[in-house]
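# Chain and residue survey
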Amino acid sequence: EEPLAQYTGGRPEITICDAVEAGVQIRIAEHTDVKLMGFGTFLDHEMVFDHLSNLNLMLDGTRRLGVELTGETRPVRWLTLALDFTWVDARFNRSGYPVPGAPQWLSGGRILAGKARGPRCGAQLLWVGTRPLAHGAETGGYFNLDLDAGWRWDSLEVAVAVHNPLDAEIMEGAYHYASWFDRDDPRSVIPKIHSVAGEPISARLILTFYP
């Protein structure tokens, strides 16, 4: 196995980022709020991982334009329901190509039940849409569910958090390149999608002390 080459590309530079956003909030009912926001993010240089050099390469500038719609309601004092939808178009300034790994659609929802003291529980669902990859490829989206429940006293809270209870296959990272893992086979020049798996089903016991 060959060691990784030492980086000799010069001094690192700070990437300048400009961002702008504007929105409106509407209260439909006494306990229901809806927010609509448009935003733009402009980077002087985009960092993209290159599998050949095993480095993050600094490329030309990019821009991200998007819209976010959120809604939250509290039908009763102990219950909160929320939804969120986000659309983003991320592209390089010069070529107009999509930024690899940047999803176009994101959405989520959450349910929280409980008061400041006593029992509580909650659920949060996140959906990440398809993501463009290098060389014109595209990877599918995935869902991620989190659950938690606990009991709060004056100075102590005991909670259990369960991540990915459905044990879904989460593709947190995705890359598109020609790999050569089996050296007994000829080297392939055809790129394939390689994924980085997300956390499987797991549970944590959380103790929180309040002064």
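Here is what the cut-offs are and how they apply
- Residues numbered from 1 in each chain as written.
- Predicted model: local features only at pLDDT ≥ 70, side-chain atom pairs only at ≥ 80, totals over all residues.
- Heavy atoms only, no water.
- Core = buried A, V, L, I, M, F, W, Y, C linked by side-chain atoms within 4.5 Å.
- Buried < 20%, exposed > 50% of the residue type's maximum accessible area, 1.4 Å probe, protein only.
- Contact = heavy atoms within 4.5 Å.
- Helix = DSSP H or I, 4+ residues; strand = E, 2+ residues; numbered from the N terminus.
- Polar contact = N/O pair within 3.5 Å; in protein donor to acceptor, adjacent residues only side chain to side chain.
- Phe/Tyr/Trp six-rings, centres within 6.5 Å; stacked < 30°, edge-to-face > 60°.
- Lys NZ or Arg CZ within 6 Å of the ring centre and 35° of its normal.
- Salt bridge = Lys/Arg side-chain N within 4 Å of Asp/Glu carboxyl O.
- Pairing = 2+ DSSP bridges.
- Axes fitted to C-alpha atoms, helices over the stretch in contact; angles between N-to-C directions.
- Patch = residues over 30% accessible without salt bridge, like charges linked within 9 Å, V, L, I, M, F, W, Y side chains within 5 Å.
- Areas by Shrake-Rupley, 256 points an atom, 1.4 Å probe, with all protein chains shown as cover.

Core analysis: the largest hydrophobic core is formed by five residues, namely V48, A90, F92, V99 and A102. If near-sequence neighbours (up to four positions away) are discounted, F92 is found in contact with E46, V48, L59, D60, G61, T62, Y97, P98, V99 and P100.

By the secondary structure assignment, D148 is in strand 11 (residues 142-152). Taking the C-alpha atoms as reference points, D148 and L81, separated by 67 residues in sequence, lie 15 Å from one another. Among all residues touching D148, those that are not within four sequence positions of it are R120, C121, G122, V160 and A161. Here R120 takes part through its side chain, which lies 2.4 Å from a polar atom of the side chain of D148.

The relation between two aromatic rings is expressed through the spacing of the ring centres and the mutual angle of the planes. Scanning all chains against the criterion turns up two aromatic pairs. Relative to F143, the ring of W127 has its centre 6.3 Å away and its plane inclined at 40 degrees; by these criteria the two rings are tilted. Within this pair, whereas W127 is found in strand 8 (residues 118-128), its partner F143 is found in strand 11, the two being separated by 16 residues in sequence. For W127, a relative accessible area of 29% corresponds to the partly exposed category. Since its relative accessible area comes to 49%, F143 is described here as partly exposed. A cation over a ring is seen here: R152 above Y210, with NZ or CZ 3.6 Å from the ring centre. Directly above the aromatic system of W180 lies the positively charged group of R183, at a separation of 4.5 Å from the ring centroid.

On to the pattern of salt bridges. What the rule picks out here adds up to 10 salt bridges. Across the pair E72 and R74 runs a salt bridge, and its minimum N-O distance is 2.5 Å. On the accessibility criterion, E72 (22% relative accessible area) is partly exposed. Its salt-bridge partner being R120, residue D148 comes within 2.4 Å of it at the nearest N-O pair. With a gap of 28 residues between them, D148 in strand 11 and R120 in strand 8 connect regions that are remote in the sequence. Owing to a relative accessible area of 26%, D148 belongs among the partly exposed residues under this scheme.

All right, on to the pairing of strand 11 then. Relative to strand 11, strand 8 runs antiparallel, the two sharing 11 bridges. Bridging across to strand 11, Q124 finds its partner in D146. In the sheet, strand 11 pairs with strand 12 (residues 156-163) via seven bridges, with the strands oriented antiparallel. Residue pairing in the sheet places D146 in a bridge with H163 of strand 12. Between strand 11 and the antiparallel strand that follows it, strand 12, lie three residues.

Glancing now at the sheet that holds strand 5 (residues 62-76). In any sheet, the strands associate via hydrogen bonds between backbone groups, in a parallel or an antiparallel arrangement. Read from one edge to the other, the open sheet built from nine strands follows the order 1-2-5-6-7-8-11-12-15, with strand pairing classed as antiparallel. Only two strands of the sheet have a single partner each, and these edge strands are strand 1 (17-29) and strand 15 (202-209). Within this sheet the neighbouring strands show an average axis-to-axis angle of 15 degrees, counted without direction.

Among the surface-exposed residues, V24, I26, I28, L36, V67, L69, L83 and F85 lie close enough to one another that they form a single nonpolar patch of about 730 Å² accessible area. Those elements that place two or more of their residues in the nonpolar patch are strand 1, strand 5 and strand 6 (79-92). It is strand 1 that contributes the most residues to the nonpolar patch, three residues altogether. Following the sequence through the fold, V24 ends up in strand 1.

Once that is clear, we can look at the pairing of strand 2 (residues 32-43). Two faces make up the sheet, and in a regular strand the side chains alternate between them. In this sheet, strand 2 lies alongside strand 1 in antiparallel orientation, the contact comprising 12 bridges. In the strand pairing of strand 2, Q25 is matched with K35. Taken together, the 12 bridges between strand 2 and strand 5 define a ladder with antiparallel strand orientation. Looking across to strand 5, one finds that K35 is bridged to T70.

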